[in-house]
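# Chains, contacts and geometry: an overview
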Amino acid sequence: MRTSFNIPDEVVAEFDRVWQDEGLENRSRAVREAMLEYIEAHSRLEDTSGEIVALVGFDYRHHDVIRELHAVQHDYQDVILNTGHTHQGEWCLESLFCRGAAERVRDLTYRLRDFDAVRRVKVMVIRDETA
């Protein structure tokens with residue numbers, strides 16, 4: 001299947017550099033692998049239930065979204081145990097150590113992804129009730 005995406009030039013250039021450095025055959029192969037990794041990561045979060053411990057990390061442009069992010073963090077203070085914050089130029093990196101219902105951590109993750117000024121959100125499930 002052929003498809004097209006609207007992606008900033010600098011993201012495509014960095015993606016091309018990475019897959020070429022990794023020795024992959026072509027961009028299509030790299031996109032396919034990236035999509036599979038995305039599916040695996042998000043399926044794990046979707047399939048998790050019960051009580052979990054997780055680390056949620058995200059980066060964002062501070063001045064564009066800080067008030068809104070603080071409001072979200074207050075909305076989820078029942079699962080956020082600890083936060084960490086560091087500055088990287090105009091970007092900030094935030095980590096949220098969470099424990100609670102998987103559904104609440106999942107909802108928090110999706111709320112963070114809703115902001116245009118949040119570049120990416122990563123979740124690492126450290127422990128769930130099946131582990």
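See above for the structure.
Reference entry: report on the structure contained in this document. (Residues numbered from 1 in each chain as written. Predicted model: local features only at pLDDT ≥ 70, side-chain atom pairs only at ≥ 80, totals over all residues. Heavy atoms only, no water.)

### Topic: the environment of D9
For D9, the location among the structural elements is in helix α1 (residues 9–21). You can call D9 exposed: its relative accessible area is 65%. Spatially, the C-alpha atoms of D9 and G100 are 39 Å apart, while their sequence positions differ by 91 residues. (Helix = DSSP H or I, 4+ residues; strand = E, 2+ residues; numbered from the N terminus. Buried < 20%, exposed > 50% of the residue type's maximum accessible area, 1.4 Å probe, protein only.)

### Details of the side chain of D16
Mapped onto the secondary structure, D16 falls in helix α1. D16 sits in the buried class, given a relative accessible area of 14%. A distance of 2.8 Å separates a polar atom in the side chain of D16 from a polar atom in the side chain of W19. (Polar contact = N/O pair within 3.5 Å; in protein donor to acceptor, adjacent residues only side chain to side chain.)

### A word on the environment of R113
Relative to the helices and strands, R113 resides in helix α4 (residues 102–113). Relative accessible area serves as the criterion here: at 29%, R113 is assigned to the partly exposed category. For the pair formed by R113 and W91, sequence separation is 22 residues and the distance between their alpha carbons is 16 Å. The contacts of R113, once residues within four sequence positions are left out, are H42 and V121. (Contact = heavy atoms within 4.5 Å.)

### Looking at the nonpolar core
Within the largest apolar cluster, 23 residues are counted, with the highest numbers of intra-cluster contacts made by F58, Y60, L69, L96, L108 and L112. Among the secondary structure elements, those contributing two or more residues to this core are β1 (51–61), α3 (62–75), β3 (91–101), α4 and β4 (118–128). Sort the elements by how many residues they give to this core and β1 lands first, with five residues. Non-local contacts of L96, meaning those with residues more than four positions away in its chain, are made with A54, L55, V56, F58, Q73, I80, N82, T83, L108 and L112. (Core = buried A, V, L, I, M, F, W, Y, C linked by side-chain atoms within 4.5 Å.)

### Some details on the packing of aromatic side chains
Aromatic ring pairs are reported here in terms of the distance separating the ring centres and the angle at which the planes meet. Inspection of every chain in the model, using the stated rule, returns one aromatic pair. Positioned above the aromatic ring of W91, the side-chain terminus of R119 is 4.0 Å from the ring centre. (Phe/Tyr/Trp six-rings, centres within 6.5 Å; stacked < 30°, edge-to-face > 60°. Lys NZ or Arg CZ within 6 Å of the ring centre and 35° of its normal.)

### Points about the pattern of salt bridges
The full count for this structure, using the stated rule, is 10 salt bridges. A salt bridge links R29 to E25, with the shortest nitrogen-to-oxygen separation between them at 3.4 Å. Taking relative accessible area as the criterion, R29 reaches 28% and is therefore assigned partly exposed. Of the residues examined, E25 reaches a relative accessible area of 62% and is grouped as exposed. Note that R111 and D75 form a salt bridge whose closest N and O atoms lie 3.4 Å from each other. (Salt bridge = Lys/Arg side-chain N within 4 Å of Asp/Glu carboxyl O.)

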